[in-house]
Amino acid sequence: MQVTSLTKTTAEEPEGEAARTDQPPAAPPGKAPKSSEGSVLNAFSSAFLVLWVIMAAGPLIWVMVNSLRESSDITGNPFGWPTSLSFENFSNAWSDANIGKYAANSLIILCGSLPGTMLLGSMAAYVIARFSFRGNRVIYMLFAGGMMFPIILAVVPLFFVMDNFGLLDTRHGIMLAYIAYSLPFTTFFMTSFFRTLPGSVAEAATIDGASHTRTFFQIMLPMAKPGLISIGIFNFLGQWNQYFLPLALNSTDPDKALLTQGLAELSVNQGYEGDWGALFAGLSIAMIPILVVYMVFQRQVQEGLTAGAVK
C-alpha cells in the first residue's frame, strides 16, 4: 500500500507542474500591470504638453530671433534664421526709439505701485481672513466682484475724477490707478492664503501682549512670504504690461510715457520706416525683465500657489 501511494503521488507531480507552467507568470508584488488606457492617456497628455510648449515658447523665440536679423531678411523671410547677427537693432531701439527712457519710467511707476498694492492688499486680506465682524462676507464679495469688473467701463469716470484732483499725467496718479486696478485680485488671493496659516501662532502672540499691528508685520506677514512672492509676480506682470490705463491717463506728456506706450509708438513708426529689426529688439527688451523675474522666483511662485490652494 505504501508503494502504491508513492507511485501515485509521483505520477501526479508532472501534471501539477504542467498545469503551473500553463499559467501566466504572476506580476511582481507592488507593481500593477500596465493598462492600454493609461498608456493612451499618458501619450495624449504628453502630446498636449508639447503642443502647449510650442504655442507658448514659439512666439518668444520668433521675436528674439528676428531681433538679431536685418530688416531686409525679415521682410524676405519672416520665419527664417538670421544670415548675419545685427546687434544694432538693440542700440537703435534703446537710443533712437527711447525704449530705455520708457523702460525707466515703467520701473519708477512699479517701484511705487507694486509695494503699495502688496501692502494694502495684504492688510485687507488679513483682516478679512482673521477677524469676524458684520459685513465681512460682503466686503470679501466686493473685492471678488472687482476682478470681474472691466476696466474699460471705469476709465471715463476715472479720467474725470483724476482730472478734478490734478492727477492726470502724473506719476503718483498712475501709481494710484495701478494700485486700485490690482487690489481686488491681491486681496482675493491673499485672503485664501491667510486662512491656511495656523491661527495658534497669532493667538500665542496676542497672549504674550503683542498688538494686532505687531502680530501682522512681525509674525503673520513673514509666514505669508510664499503667497506674497506669488501674487507679487502676477502684479508685476500685469502692471508691467498695462497699456490701457497709461494710454487714457498719461497721454499728453511724451517724456512720462511708459514702456507699453513706447512700444506702440515704435510699432507705428518702424512700420512706416521699415526698420522691423528695431521693433523686434524693442519687444525683446520689454520681455527680458519678465523672463528674468519669473526664472528667479519660479520655485517660490509654485510653492505659493500650492500653499494657497491646499489647506
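Relevant structure appears above.
Residues numbered from 1 in each chain as written. Predicted model: local features only at pLDDT ≥ 70, side-chain atom pairs only at ≥ 80, totals over all residues. Heavy atoms only, no water.

**Student:** Would you mind showing me how to read the overall build of the protein chain here?
**Tutor:** Looking only at helices and strands, the protein chain has 15 helices and zero strands in total. Looking at the protein chain as a whole, 34% of its 311 residues qualify as buried. Restricting to contacts in the protein chain with at least 6 residues of sequence separation, those with at least 24 account for 74%. Per element, the accessible surface of the protein chain, about 19,200 Å² overall, is 67% carbon and sulfur. (Helix = DSSP H or I, 4+ residues; strand = E, 2+ residues; numbered from the N terminus. Buried < 20%, exposed > 50% of the residue type's maximum accessible area, 1.4 Å probe, protein only. Contact = heavy atoms within 4.5 Å. Areas by Shrake-Rupley, 256 points an atom, 1.4 Å probe, with all protein chains shown as cover.)

**Student:** What is the right way to look at the packing of aromatic side chains in this model?
**Tutor:** Where two aromatic rings form a pair, the distance of their centres and the angle of their planes describe that pair. Inspection of the entire model under this criterion finds 12 aromatic pairs. Taken together, a centroid distance of 5.8 Å and an interplanar angle of 80° make the contact between Y126 and F131 edge-to-face. Here Y126 falls in the buried class, since its relative accessible area comes to 6%. For F131, a relative accessible area of 29% translates into the label partly exposed. Members of the aromatic cluster, each reached through a chain of ring pairs, are Y126, F131, F194, F216 and F217. We note R195 situated over the ring of Y140; from NZ or CZ to the ring centre the distance is 5.0 Å. (Phe/Tyr/Trp six-rings, centres within 6.5 Å; stacked < 30°, edge-to-face > 60°. Lys NZ or Arg CZ within 6 Å of the ring centre and 35° of its normal.)

**Student:** Teacher, can you tell me more about the packing of helix α5 (residues 99–130) against helix α11 (residues 225–240) here?
**Tutor:** Each packed pair of helices is defined by two parameters, the angle between the axes and the distance between the axes. For the pair α5 and α11, the least separation of the axes is 10 Å and the interaxial angle reads 140°. Of the possible angle classes, the one that applies to α5 and α11 is oblique. Of the two elements, α5 crosses α11, and the hand of that crossing is right-handed. Residue-level contacts link A103, S106, L107, L110, S113, L114, T117, M118 and S122 of α5 to L228, I231, G232, N235, F236, Q239 and W240 of α11. Counted by class, the contact of α5 with α11 contains nine nonpolar, seven polar and no charged residues. (Axes fitted to C-alpha atoms, helices over the stretch in contact; angles between N-to-C directions. Parallel < 35°, antiparallel > 145°, perpendicular 65-115°, else oblique. Left-handed = near helix turned anticlockwise from the far one by under 90°. Nonpolar A, V, L, I, M, F, W, Y, C, P; charged D, E, K, R; others polar.)

**Student:** Looking at this model, I keep getting lost on unusual backbone geometry. Mind explaining?
**Tutor:** Trans peptide bonds make up most of the peptide bonds, and negative phi angles are found at most residues other than glycine. Despite not being glycine, N98 shows a phi value in the positive range, around 60°. Position of N98 relative to the elements: it lies in the loop between α4 (88–96) and α5. Since its relative accessible area comes to 30%, N98 is described here as partly exposed.

**Student:** It is not clear to me how the side chain of S67 should be interpreted in this structure. Could you clarify?
**Tutor:** Of note, S67 is situated in the loop between α2 (36–66) and α3 (71–76). A polar contact is formed between the side chain of S67 and the backbone oxygen of M64, at a distance of 2.5 Å. Filtering out sequence-adjacent residues up to four positions away, S67 remains in contact with S86, N89, F90, G277, F280, A281 and S284. (Polar contact = N/O pair within 3.5 Å; in protein donor to acceptor, adjacent residues only side chain to side chain.)

**Student:** Could you clarify how one ought to interpret the pattern of salt bridges in this entry?
**Tutor:** Opposite charge on two side chains permits pairing when their charged atoms draw close. Under the definition given, this model contains one salt bridge. Of the charged contacts in the structure, one is a salt bridge between K101 and D255, with a shortest N-O distance of 3.4 Å. Placement of K101 in helix α5 and of D255 in the loop between α12 (244–249) and α13 (259–273) is noted, with a sequence separation of 154 residues between them. Exposure remark for K101: the relative accessible area of 33% places this residue in the partly exposed category. Owing to a relative accessible area of 48%, D255 belongs among the partly exposed residues under this scheme. (Salt bridge = Lys/Arg side-chain N within 4 Å of Asp/Glu carboxyl O.)

**Student:** Before we go on, may I ask you to explain the nonpolar core in this structure?
**Tutor:** It is characteristic of soluble globular proteins that their nonpolar side chains tend to be buried jointly. Among the nonpolar cores identified, the biggest contains 18 residues, and I99, Y102, F236, W240, L259, L263 and L266 are the most heavily contacted of them. Sorting the residues of this core by element identifies α5, α11, α13 and α14 (276–296) as the ones contributing at least two each. Those residues in contact with Y102 that sit more than four places away from it in its chain are A97, P254, A257, L258, L259, G262 and E265. Core analysis: the second largest hydrophobic core is formed by 16 residues, M118, F189, A224 and L228 among them. (Core = buried A, V, L, I, M, F, W, Y, C linked by side-chain atoms within 4.5 Å.)

**Student:** Explanation requested: a nonpolar patch on the surface in the structure shown.
**Tutor:** Together, L60, I61, M64, L291 and M295 give the surface a local cluster of nonpolar side chains, amounting to about 430 Å² of exposed area. For the nonpolar patch, the secondary structure elements donating two or more residues are α2 and α14. Take the nonpolar patch: its biggest share by element is three residues, from α2. Taking relative accessible area as the criterion, M295 reaches 64% and is therefore assigned exposed. (Patch = residues over 30% accessible without salt bridge, like charges linked within 9 Å, V, L, I, M, F, W, Y side chains within 5 Å.)

**Student:** It is not clear to me how the environment of L247 should be interpreted in this structure. Could you clarify?
**Tutor:** Within the element layout of this structure, L247 appears in helix α12. Taking the C-alpha atoms as reference, L247 lies 8.9 Å from T260; in sequence the two are 13 residues apart.

**Student:** Could you clarify how one ought to interpret the packing of helix α10 (residues 212–223) against α11 in this entry?
**Tutor:** One way to put it is that α10 packs onto α11 with a least axis distance of 5 Å and a crossing angle of 70°. By the angle between their axes, α10 is roughly perpendicular relative to α11. Every residue of α11 that contacts α10 at L221, P222 and M223 is listed here: K225, P226 and L228. Of the residues that constitute the contact of α10 with α11, the class distribution is five nonpolar, no polar and one charged.

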